[in-house]
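Residue-level listing of the chains:
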Amino acid sequence: DYDAAKNGHTYSSNEPVCFVSFLEYYTEKPQSYSTVQVNSNYYKDAAYICERNQITSHTVKADSLFIIQKRNEDSCPEGFSEITNTETCLKAAESLEVEYDQSYNGNEDIGEPIVCFASFIDENGNPNKLLNKSVARINSNHYSFASWLCKKND
């Protein structure tokens, strides 16, 4: 429901945008208490409401050396392999226009594969479209909203 009383410019560090508040973390769906408002006080559990100006889609070019795998798929598609070293992860991130931050590297989820992935990937495989910026790293903690970065096989 739209709630005009919540409109405003609460946080000067953010620009006011139209958003729906309190999306459920796993399903990304509004809750019974979610509201639509124009304000600058959005959090990571909110989603912008946008107007599409042009049709865009995430496609893989035939000559692409690196790709972003579909979100929450812990593997690489046929013809591609996981990236397990920092140098290649950095190259993939730069090629795919994703920030790389080696301070996030590690093995925080013991038993899971330690691979190069990017956080906060949208449902179409696009980086930097959600409220939080996408960041690549090599770690085992690739949870919801993460996608493996994969390298084309030789």
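Thresholds applied
Residues numbered from 1 in each chain as written. Predicted model: local features only at pLDDT ≥ 70, side-chain atom pairs only at ≥ 80, totals over all residues. Heavy atoms only, no water. Helix = DSSP H or I, 4+ residues; strand = E, 2+ residues; numbered from the N terminus. Buried < 20%, exposed > 50% of the residue type's maximum accessible area, 1.4 Å probe, protein only. Contact = heavy atoms within 4.5 Å. Areas by Shrake-Rupley, 256 points an atom, 1.4 Å probe, with all protein chains shown as cover. Salt bridge = Lys/Arg side-chain N within 4 Å of Asp/Glu carboxyl O. Pairing = 2+ DSSP bridges. Disulfide = S-S within 2.5 Å. Core = buried A, V, L, I, M, F, W, Y, C linked by side-chain atoms within 4.5 Å.

Caption draft 1: Region of the structure containing the overall build of the protein chain. Scanning the protein chain from N- to C-terminus turns up one helix and nine strands. When the helices and strands of the protein chain are placed in sequence order, the string is β-β-β-β-β-α-β-β-β-β. Counting all 154 residues of the protein chain, 35% fall into the buried class. For the protein chain, contacts bridging at least 24 residues in sequence account for 69% of all contacts bridging at least 6. If you sum the accessible surface of the protein chain, you get close to 9,800 Å²; carbon and sulfur atoms cover 47% of it.

Caption draft 2: Inspection of the pattern of salt bridges at higher detail. The full count for this structure, using the stated rule, is two salt bridges. One salt bridge connects Lys-91 with Glu-87, and the closest N-O pair in it is separated by 3.4 Å. Pair noted here: Lys-91 and Glu-87 are both in helix H1 (residues 86–95), with a separation of four residues, about one helical turn. Among the ionic pairs, Lys-133 bridges to Glu-99, the shortest N-O distance being 2.6 Å. In this pair, Lys-133 is assigned in the loop between strand S7 (115–118) and strand S8 (135–139) and Glu-99 in strand S6 (residues 99–100), connecting sequence segments 34 residues apart.

Caption draft 3: Local environment of the sheet that holds strand S3 (residues 47–48). Taken in spatial order, the three strands of this open sheet run S2-S1-S3, and their pairing is antiparallel. Of all the strands in the sheet, just strand S2 (36–39) and S3 have a single pairing partner and so form its edges. In this structure, strand S1 (residues 17–20) lies alongside S3, joined through two bridges in antiparallel fashion. Counterpart to Phe-19 in the pairing with S3 is Tyr-48.

Caption draft 4: Examining the state of the cysteines more closely. The full count for this structure, using the stated rule, is two disulfides. What pairs with Cys-76 in a disulfide is Cys-150, and their sulfur atoms sit 2.1 Å apart. One quick way to see it: the torsion about the S-S bond of Cys-76 and Cys-150 is about -85°, and its sign makes the bridge left-handed. With Cys-76 in the loop between strand S4 (66–68) and strand S5 (80–82) and Cys-150 in strand S9 (residues 147–152), the pair connects residues that are 74 residues apart, well separated along the chain. Cys-150 sits in the buried class, given a relative accessible area of 0%. The disulfide bridge from Cys-89 ends at Cys-116, spanning 2.1 Å between sulfur atoms. What sets the handedness of the Cys-89 and Cys-116 disulfide is the S-S torsion sign, and at about 70° it is right-handed. You can see Cys-89 sitting in helix H1 and its partner Cys-116 sitting in strand S7, a full 27 residues away along the chain. The same class applies to Cys-89 and to Cys-116, which are both buried. When the cysteines engaged in disulfides are numbered in sequence order, the protein chain pairs them as 1-4, 2-3.

Caption draft 5: Local environment of the nonpolar core. Membership of the largest hydrophobic core comes to 15 residues, with the highest contact counts inside it found for Ile-83, Val-98 and Leu-149. Secondary-structure elements contributing two or more residues to this core are S4, H1, S7 and S8.

It is worth stressing that arrangement in space is one thing and function is another; only the former is reported here.
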